[in-house]
Amino acid sequence: MNNIQTKILNALNTNKLNLTKLGARKWYNYFIITEELVWSRNLWEGYKIHVYVNESKSHHLASYWIGYDSNYNPFLKIIL
């Protein structure tokens, strides 16, 4: 797991990253865009986070899909 992944998971577990606040914003040394994912036919819902170096979005670092297991613990999947 890389540094960004651990930062996101730790922030979710300690409630320092609020996924319900959608849109673009500065977060630590990164610029993130949070989107809500709603699937058809009531399949799994979650959030997608795009991580950039700065506000110009010139350098995309990663995209993550965040879901919750049956105990409402967050888990991350990397989107390529």
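Quick look at the structure, then. These numbers were taken from a predicted model, which means no experiment stands behind them.

**Digging into the overall build of the protein chain**
Of the regular secondary structure elements, the protein chain holds one helix and five strands. In sequence order, the secondary structure elements of the protein chain are arranged as α-β-β-β-β-β. At 12 Å, the protein chain has a C-alpha radius of gyration in line with the 12 Å of a compact globule built from 80 residues. With the C-alpha coordinates aligned to their principal axes, the bounding extent of the protein chain is approximately 35 × 25 × 25 Å. Of all 80 residues assigned to the protein chain, the portion counted as buried reaches 38%. Across the protein chain, every contact between residues at least 6 apart in sequence was considered, and the portion connecting residues at least 24 apart equals 27%. Element-wise, carbon and sulfur atoms account for 50% of the exposed surface of the protein chain, whose accessible area totals about 5500 Å². Of note, the protein chain has its 9 positive side-chain charges centred 6 Å away from the centre of its 5 negative side-chain charges.

**Some thoughts on the pairing of strand S4 (residues 60-68)**
By the bridge criterion, six bridges tie strand S3 (residues 46-52) to S4 in an arrangement that is antiparallel. Within the sheet, the bridge partner assigned to Ile49 lies in S4 and is Tyr64. Sheet topology note: the S4/strand S5 (residues 74-79) ladder contains six bridges and is antiparallel. Within S5, the residue paired with Ser63 across the bridge is Ile79. Between S4 and S5, which pair antiparallel one after the other, the connecting turn spans five residues, and Tyr72 there sits at a positive phi close to 60 degrees.

What counts, and where the lines are drawn
Residues numbered from 1 in each chain as written. Predicted model: local features only at pLDDT ≥ 70, side-chain atom pairs only at ≥ 80, totals over all residues. Heavy atoms only, no water. Helix = DSSP H or I, 4+ residues; strand = E, 2+ residues; numbered from the N terminus. Rg over C-alpha atoms; globule rule 2.2 N^0.38 Å. Buried < 20%, exposed > 50% of the residue type's maximum accessible area, 1.4 Å probe, protein only. Contact = heavy atoms within 4.5 Å. Areas by Shrake-Rupley, 256 points an atom, 1.4 Å probe, with all protein chains shown as cover. Lys, Arg positive; Asp, Glu negative; His and termini not counted. Charge placed at Lys NZ, Arg CZ, Asp CG, Glu CD. Pairing = 2+ DSSP bridges.

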